[in-house]
Amino acid sequence: MEKNGWGDKMLFHVFNRGLQIALQRQWLPVEKEAIYEYAVKVIALNGLVIGICLVISILTGNFSFWCFFLLFFVPLRRKLGGFHMKKPEHCMLLSCIFYVLMLMVRSHVFVNLYVLIVCYIAMAFYCYVADPLPHWNNICRWNNHRMKRKIVLINTVILLIMCFCRYQHIYDIIFWTSCAMLLFVLEKIKIWSKRLKND
């Protein structure tokens, strides 16, 4: 593994040994070593972020908030895409900061549920009809786009059912799904601003 930043160095020491053993024992094909190195890094970074957020949630007594983050924010964020940092370690740090900020907003800033629902509907409609974000693999890009539409529809149906049943945690669910969509919208705005500057 190539060691660039502090995050990469940490992951190198923790995971490289296990990967090399697997390659030496031919549990994994050697010709795909670069792919496995990338996969290990992605899994490790995501796992570390989720683990840190879990610890923060347990210490602050917000375990259910973390569960809804994992169930509703993470899957939608993966398929929608959105704002990202260029370096993995910076992305990991910003993700943890983002989680803490959202926890503080949820705890100390009250937003009317109906206002939140209207915002969700507006962003859900936009995310459904908007073109996918740029991706180096065009096939993967449009596959994600189709999956994104399915997830947005499924989330919306689930939320409507929960609103009808007056589920007590509906606020947290709408909050996290709206956050995932907001990151997609922000990335779209960034792309538009770059195009306007170039024009």
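What comes next is a walk through the structure. (Residues numbered from 1 in each chain as written. Predicted model: local features only at pLDDT ≥ 70, side-chain atom pairs only at ≥ 80, totals over all residues. Heavy atoms only, no water.)

**What about the packing of helix α3 (residues 63-80) against helix α7 (residues 170-198)?**
Here is step 1 of the chain: Two elements in contact, α3 and α7, have axes whose closest approach is 9 Å; the angle formed by their N-to-C orientations is 25°. Classified by the angle their axes make, α3 and α7 are roughly parallel. Helix-helix and strand crossings are classified by hand; for α3 and α7 the assignment is right-handed. In this structure, α3 uses Phe65, Phe68, Phe69, Phe72, Phe73, Leu76, Arg77 and Leu80 to contact α7, whose residues at the interface are Asp172, Ile173, Phe175, Trp176, Thr177, Cys179, Ala180, Met181, Leu183 and Phe184. (Axes fitted to C-alpha atoms, helices over the stretch in contact; angles between N-to-C directions. Helix = DSSP H or I, 4+ residues; strand = E, 2+ residues; numbered from the N terminus. Parallel < 35°, antiparallel > 145°, perpendicular 65-115°, else oblique. Left-handed = near helix turned anticlockwise from the far one by under 90°. Contact = heavy atoms within 4.5 Å.)

**Notes on the pattern of salt bridges**
Here is step 1 of the chain: Taken as a whole and judged by the stated rule, the model has two salt bridges.
Here is step 2 of the chain: A salt bridge links Arg106 to Asp172; the nearest nitrogen and oxygen atoms lie 2.4 Å apart. Separated by 66 residues along the polypeptide, Arg106 in helix α4 (residues 88-108) and Asp172 in helix α7 bring together distant segments of the chain.
Here is step 3 of the chain: Put simply, Lys190 and Glu187 hold a salt bridge, and the shortest N to O gap is 3.5 Å. With a gap of three residues between them, Lys190 and Glu187 both fall in helix α7, about one helical turn apart. (Salt bridge = Lys/Arg side-chain N within 4 Å of Asp/Glu carboxyl O.)

**Some details on the packing of aromatic side chains**
Here is step 1 of the chain: Counted by the stated rule, this structure contains 15 aromatic pairs.
Here is step 2 of the chain: Each ring, one from Tyr126 and one from Phe184, has its centre 6.1 Å from the other, and the planes form 55°; the classification is tilted. Highlighted residues: Tyr126 in helix α5 (residues 113-129) and Phe184 in helix α7, separated in sequence by 58 residues.
Here is step 3 of the chain: Take Tyr126: its relative accessible area is 22%, and that puts it in the partly exposed class.
Here is step 4 of the chain: Here Tyr126 and Trp192 contribute two aromatic rings whose centre-to-centre distance is 6.3 Å and whose plane-to-plane angle is 75°, an arrangement assigned as edge-to-face. (Phe/Tyr/Trp six-rings, centres within 6.5 Å; stacked < 30°, edge-to-face > 60°. Buried < 20%, exposed > 50% of the residue type's maximum accessible area, 1.4 Å probe, protein only.)

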